Amino acid sequence: MDLVAAARRLGPRPGLPRLILMTDAARGGDPVAAASRLPPARVRGCGPGWAAVVLRHDGVAGRERLAAVLARLCRSRGLRLVVARDARLAARLGAGLHLADGMPRPLCWRPRRGALLTVAAHGARALRRAKALGADLALLSPLFPTLSHPGAAALGPVRFAALARRAGLPVAALGGLAGGGRAVAARRAGAVAFAAVGALAGPVLQPRHGVP
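The notes below deal with the structure included here.

Cut-offs used in this document
Residues numbered from 1 in each chain as written. Predicted model: local features only at pLDDT ≥ 70, side-chain atom pairs only at ≥ 80, totals over all residues. Heavy atoms only, no water. Helix = DSSP H or I, 4+ residues; strand = E, 2+ residues; numbered from the N terminus. Buried < 20%, exposed > 50% of the residue type's maximum accessible area, 1.4 Å probe, protein only. Lys, Arg positive; Asp, Glu negative; His and termini not counted. Salt bridge = Lys/Arg side-chain N within 4 Å of Asp/Glu carboxyl O. Polar contact = N/O pair within 3.5 Å; in protein donor to acceptor, adjacent residues only side chain to side chain. Contact = heavy atoms within 4.5 Å. Core = buried A, V, L, I, M, F, W, Y, C linked by side-chain atoms within 4.5 Å.

### Quick word on the side chain of Arg-18
Turning to its location among the elements, Arg-18 is positioned in the loop between α1 (3-8) and β1 (19-22). Here Arg-18 sits buried without a salt bridge, and the closest side chain of opposite charge, Asp-2, lies 12 Å off (N-O distance). A distance of 3.4 Å separates a polar atom in the side chain of Arg-18 from the backbone oxygen of Leu-10. Among residues more than four places away in sequence, those in contact with Arg-18 are Ala-7, Arg-8, Leu-10, Gly-11, Pro-12, Gly-45, Cys-46, Trp-50, Val-192, Ala-193 and Phe-194.

### A closer look at the nonpolar core
Ranked by size, the top nonpolar core spans 63 residues in total, and within it Leu-3, Leu-19, Phe-160 and Phe-194 carry the most contacts. Other than its neighbours up to four places away in sequence, Phe-194 contacts Leu-3, Ala-6, Ala-7, Leu-10, Arg-18, Leu-19, Ile-20, Ala-173, Leu-177, Ala-183, Ala-186 and Arg-187. Formed by 16 residues, the second largest nonpolar core is a distinct cluster that contains Met-22, Val-82, Ala-84 and Leu-137.

### Section: helix α6 (residues 156-166)
Among all positions of α6, only Gly-156, Phe-160, Ala-161, Ala-162, Leu-163 and Ala-164 are buried. Elements in contact with the buried residues of α6: α5 (124-132), β6 (137-140) and β7 (171-174). Within two residues after α6, Gly-168 carries a phi angle of roughly 80 degrees, on the positive side.

Put into structure tokens, the structure is as follows:
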């Protein structure tokens, strides 16, 4: 089962995405093309805000222009846009904000209706901090070994499940979710959403049911 199909089988959480595309300048290819392949909200089994795009692409020329293109695309397809580590850009676009592990919540960002605050987490301390910041969702990683962080120790399903149970807020799984039954293992470990780079950059995301 591919990650999109697995995410569509997750029980919906009001106000939260079930699938999150993390853009990556080094590994993720064309972020607009990848976002365009995410099934839109009108596809059966999805719904408004069912998927989100987290724009990273830090330090890349034309990032603001790329953000504007993605914002229009997400609005037209009923997806959420979240901007990583740039509160001013997020505020200007009315987008959500993604904070790196240890990054304080900027005062210049005020969430608009539907805008998400997500926080990267790699352990219990970061999860506690995400809860204290009022995050809507913590992205806990890496669940499995991942090319994004070669050589980094993975949490594994057992450790992930223990952290998710004590987190006090919804937790998404990030890291190494491509292939096999890893999405199923993530769901069983308590993940309410799946986030990925490489697993969402390929042709598995061709829209279904004839929806362009």
